[in-house]
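If you want the building blocks of each chain, they are given just below.
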Amino acid sequence: MASQARDAHERKRHGRHYTPPDLARFLARRALAHVSHAGELRVLDPACGDGELLLAVHRELAASRPDVRVRLTGYDLDRPALTQTTARAEAEGAEIDCRSGDFLAASAHLADATFDLIISNPPYVRTQQLGGATARLLSQRFGLRGRIDLTHPFVAVAPRLLAPGGVLGLLCANRFLTTRAGANLRRILTGELTPVELYDLGDTKLFAAAVLPAITVARRDAAAGPCRFVSVYEQPGAEADCAAGLFDALAGDDNCLVGAGGRVFAVEVGLLSTGSPAATGISRTGRGDERVAGAGPVAQVGDSAWRMSSPDVDRWLARIADHTWRCFGEAARIRVGIKTTADRVFISDRWEQKDPMPEPELLRQLITHHDLEPWRITAARGTRVLYPYDLAQPRRTPIDLAEFPDAAEYLRSHEQVLTGRRYVLAGGRQWFEIWVPQRPHLWGAPKLVFPDISERPRFALDRSGAVVNGDCYWISLTDLGAGEQATELAYLLMGVANSALGLRFYDAVCGNRLYSGRRRWITQYVARLPLPDPAAPAAAEIVRRVRGVLDEDLTVAQAGIDEAVAAAFGVSAQ
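Criteria and thresholds
- Residues numbered from 1 in each chain as written.
- Predicted model: local features only at pLDDT ≥ 70, side-chain atom pairs only at ≥ 80, totals over all residues.
- Heavy atoms only, no water.
- Helix = DSSP H or I, 4+ residues; strand = E, 2+ residues; numbered from the N terminus.
- Buried < 20%, exposed > 50% of the residue type's maximum accessible area, 1.4 Å probe, protein only.
- Contact = heavy atoms within 4.5 Å.
- Areas by Shrake-Rupley, 256 points an atom, 1.4 Å probe, with all protein chains shown as cover.
- Phe/Tyr/Trp six-rings, centres within 6.5 Å; stacked < 30°, edge-to-face > 60°.
- Lys NZ or Arg CZ within 6 Å of the ring centre and 35° of its normal.
- Pairing = 2+ DSSP bridges.
- Salt bridge = Lys/Arg side-chain N within 4 Å of Asp/Glu carboxyl O.
- Expected span 1.5 Å × (residues − 1).
- Core = buried A, V, L, I, M, F, W, Y, C linked by side-chain atoms within 4.5 Å.

Novice: Sorry if this is basic, but what is going on with the overall build of the chain here?
Specialist: Scanning the chain from N- to C-terminus turns up 24 helices and 25 strands. Relative to its 574 residues, the chain shows a buried fraction of 53%. A separation of at least 24 residues holds for 74% of the contacts in the chain among residues at least 6 apart in sequence. In the structure as shown, the chain presents an accessible area of about 25,100 Å², 49% of it carried by carbon and sulfur atoms.

In structure tokens form, the structure reads like this:
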């Protein structure tokens with residue numbers, strides 16, 4: 001049992017999550033549907049693990065195209081896994097050329113156009129685990145930009161190794177569809193390959209890894225036909241209306257509700273859109289140009305998020321784009337909350353029980369995701385953070401511990417933990433500082449706050465001067481203008497974000513849902529939300545109705561906020 005636990009830990013540490021047989025079969029079947037070669041088929045899995053993907057290709061060909069001779073090649077660093085692959089292949093009458101070693105290093109010595117099919121579930125190892133030096137080396141070698149994970153170089157090498165008309169069948173985390181970090185994969189899959197099928201497998205839990213998976217099938221040719229896009233997410237409380245199994249429903253042409261594993265999933269079928277003004281947060285600024293939030297005047301290939309396209313949604317988004325003044329990212333600076341990297345030391349709701357207890361003026365009210373409802377801060381838990389900075393200074397200025405003897409004694413009692421954060425010291429910080437303090441002087445100003453993860457939008461206005469925790473994001477009204485102008489723009493932002501239209505826009509454009517209907521409300525998604533012109537009467541009407549919720553305790557329905565937001569964008573309320 002201890003040996004199994006160690007093996008599981010090592011697989012997780014190196015990003016090795018083996019593909020379940022049903023999922024491997026589906027990926028192999030969809031990829032082979034686009035392989036046109038007859039006679040001999042050369043297949044590669046660059047991180048083959050226990051060989052499941054290669055064996056799935058073998059089984060599919062044996063059942064449907066027994067006349068095709070297949071040459072299977074698998075690489076992996078894990079020698080015991082390769083031994084298992086060889087044994088499994090022999091038991092099924094297959095032959096796999098198993099090669100032990102680093103595929104990324106070996107790929108430089110492989111001839112171009114070597115394979116007709118590359119089928120892969122690359123190891124998922126984040127930049128932080130790779131280390132900065134390794135990440136920079138991989139970025140330079142494979143022409144990658146920004147933050148990368150190990151999936152990126154595995155995909156980057158595929159176009160060179162695929163023969164003309166060859167196919168890539170890729171299983172990886174679905175976050176590449178919409179995140180800024182996923183731009184590398186989007187760029188490769190559209191610039192050097194042509195995607196033909198895409199499956200966002202959402203919260204199906206078809207895969208043991210914590211990430212939500214997606215399947216992409218892409219060809220190395222100039223075909224410009226549309227890419228089929230299918231998404232599947234749990235629909236709590238719904239009843240299945242389709243008798244087919246989940247994988248059969250994914251391969252079908254119709255939207256449906258399908259039961260699987262005691263749950264019901266909504267299968268939606270459309271086409272892939274790789275970028276449009278409405279899809280990416282591009283807004284018309286009134287200067288005759290179009291901008292992407294946070295990307296400058298000209299967006300690079302791959303910068304645009306991918307989304308599902310359908311005639312009704314496209315018309316709806318186009319209508320919204322026509323009525324969009326700017327997107328949130330252009331109108332406001334969106335910041336993440338503080339990150340202490342030692343929460344047990346700095347954060348508590350029981351400071352009175354500490355001995356010594358730090359000076360009260362250093363213990364600041366802390367807003368966490370527990371404290372947020374739409375429109376308002378509840379602060380029910382009374383959580384406070386020991387915030388060791390001068391709040392009068394615009395930049396990070398640590399307190400003088402000599403002036404706060406109780407805080408100094410308390411922090412020194414945890415000195416071993418705090419000095420163990422070597423990255424804090426390497427960053428030129430003092431040992432008792434927190435890792436991300438944000439701008440101390442802004443905490444006293446009013447701000448919009450919203451949680452990182454939530455089923456529905458929960459944008460709230462805070463006037464208490466509290467600090468915002470790292471599980472939330474915030475917008476300071478000081479960035480929105482002065483006086484009443486800033487307040488009205490904040491009300492407009494909050495009204496759009498908390499509306500039914502805001503939620504629908506998020507799902508259509510960002511689409512990064514998690515398990516059980518939860519959504520990620522991080523900067524790069526919120527930045528894409530649209531805003532109507534604040535000077536227009538329709539925007540003033542939204543502000544007036546938001547005031548009704550905040551000042552008169554009206555419900556959203558009573559205030560008619562959804563209707564006002566829809567009218568401002570020229571669409572009907574739903």
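Novice: It is not clear to me how the packing of aromatic side chains should be interpreted in this structure. Could you clarify?
Specialist: The description of two aromatic rings rests on the distance between their centres and on the angle between their planes. For the coordinates displayed, the defined rule picks out 16 aromatic pairs. Ring plane angle 65 degrees and centroid distance 5.3 Å describe the contact between Y75 and F103, whose orientation is recorded as edge-to-face. Of this pair, Y75 sits in strand β2 (residues 69-76) while F103 sits in helix α5 (residues 103-106), and the two are 28 residues apart along the sequence. Owing to a relative accessible area of 6%, Y75 belongs among the buried residues under this scheme. On the accessibility criterion, F103 (3% relative accessible area) is buried. Plain terms: the ring middles of F459 and W521 are 6.2 Å apart, the flat faces sit at 90 degrees to each other, and that makes the pair edge-to-face. Remark: W521 occurs in the loop between β24 (519-520) and α21 (523-526) and F459 occurs in the loop between β20 (453-454) and β21 (460-462); sequence separation between them is 62 residues. In terms of burial, F459 and W521 fall into one category: buried. Cluster of aromatic residues (ring-pair linked, three or more members): F450, F459, Y473, Y506, W521 and Y525. The ring of W474 carries the charged tip of R335 above its face, separated from the ring centre by 5.5 Å. The ring of W351 carries K354 above its face, with NZ or CZ at 5.8 Å from the centroid.

Novice: Explanation requested: the pairing of strand β1 (residues 40-45) in the structure shown.
Specialist: Looking down a regular strand, the side chains alternate between one sheet face and the other. Where β1 lies against β2, six bridges are found, and the strand directions are parallel. When the bridges of β2 are listed, L41 appears paired with V70. Bridge count between β1 and strand β4 (residues 115-120): two bridges; the pairing is parallel. Counted as the bridge partner of L44 is I118 from β4.

Novice: Just checking my understanding: could you explain unusual backbone geometry for this structure?
Specialist: Across the chain, the bulk of peptide bonds are trans and the bulk of non-glycine residues have phi less than zero. Following D355, the chain continues into P356 via a peptide bond in cis, with omega recorded as 5 degrees. Take P356: it is sitting in the loop between β16 (347-348) and β17 (363-367). Despite not being glycine, K205 has its phi angle at roughly 60 degrees, a positive value. Within the secondary structure, K205 is located in the loop between β6 (194-200) and β7 (213-219). For K205, a relative accessible area of 56% puts it in the exposed group. Phi at D553 takes a positive value of approximately 60 degrees, unusual for a residue other than glycine. With respect to the helices and strands, D553 occurs in the loop between α22 (537-552) and α23 (556-559). For D553, a relative accessible area of 59% translates into the label exposed.

Novice: Could you clarify how one ought to interpret the pattern of salt bridges in this entry?
Specialist: Side chains that differ in charge, positive against negative, can pair when their charged atoms come close. Under the criterion given, the structure shown has 28 salt bridges. A salt bridge links E60 to R29, with the shortest nitrogen-to-oxygen separation between them at 3.1 Å. On the criterion of sequence distance, the pair formed by E60 in helix α3 (residues 52-64) and R29 in helix α2 (residues 21-32) is long-range, its members being 31 residues apart. Using a relative accessible area of 14% as the deciding quantity, one classes E60 as buried. Bridged by salt links that share partners, the residues D50, E52, R59, R88 and E92 form one connected network.

Novice: Is there a simple way to think about α3 in this case?
Specialist: Each α-helix turn comprises 3.6 residues. Residues three or four places apart therefore point the same way. Between its first and last C-alpha atoms α3 spans 18 Å; for 13 residues at 1.5 Å apiece the expected length is 18 Å, and the two agree. Inspection of α3 places E52, L53, L54, L55, A56, V57, H58, E60 and L61 among the buried residues, and these make up the whole buried set. Residues of α3 that are buried in the fold lie against α2, β1, β2, α4 (79-91), β3 (96-100) and β4.

Novice: Got a minute to help me understand the nonpolar core in this structure?
Specialist: In terms of nonpolar packing, the biggest core is built from 54 residues, with L480 and M494 touching the most fellow members. The next biggest cluster of nonpolar side chains, apart from the first, holds 43 residues, and it includes A28, V43, L53 and I119.

Novice: Just to check I follow, could you spell out the sheet that holds strand β19 (residues 447-451) for this structure?
Specialist: To summarise the sheet geometry, strands pair through backbone hydrogen bonds and adopt either a parallel or an antiparallel arrangement. Strand order across the open sheet formed by four strands is β15-β23-β19-β21, with antiparallel pairing between neighbours. Strand pairing shows two members of the sheet lacking a second neighbour, β15 (335-336) and β21, which therefore form its edges. Relative to strand β23 (residues 472-476), β15 runs antiparallel, the two sharing two bridges. From the neighbouring strand, V336 faces β23, where its bridge partner is Y473.

Novice: What is the right way to read the environment of I338 from this model?
Specialist: With respect to the helices and strands, the residue I338 is situated in the loop between β15 and α15 (343-346). Exposure remark for I338: the relative accessible area of 1% places this residue in the buried category. Sequence spacing of I338 and V467 is 129 residues, and the spatial spacing of their C-alpha atoms is 7.8 Å. With residues up to four places along the chain from it excluded, the contact list for I338 reads L366, V385, Y387, I434, V436, P437, W443, V467, V468, N469 and G470.

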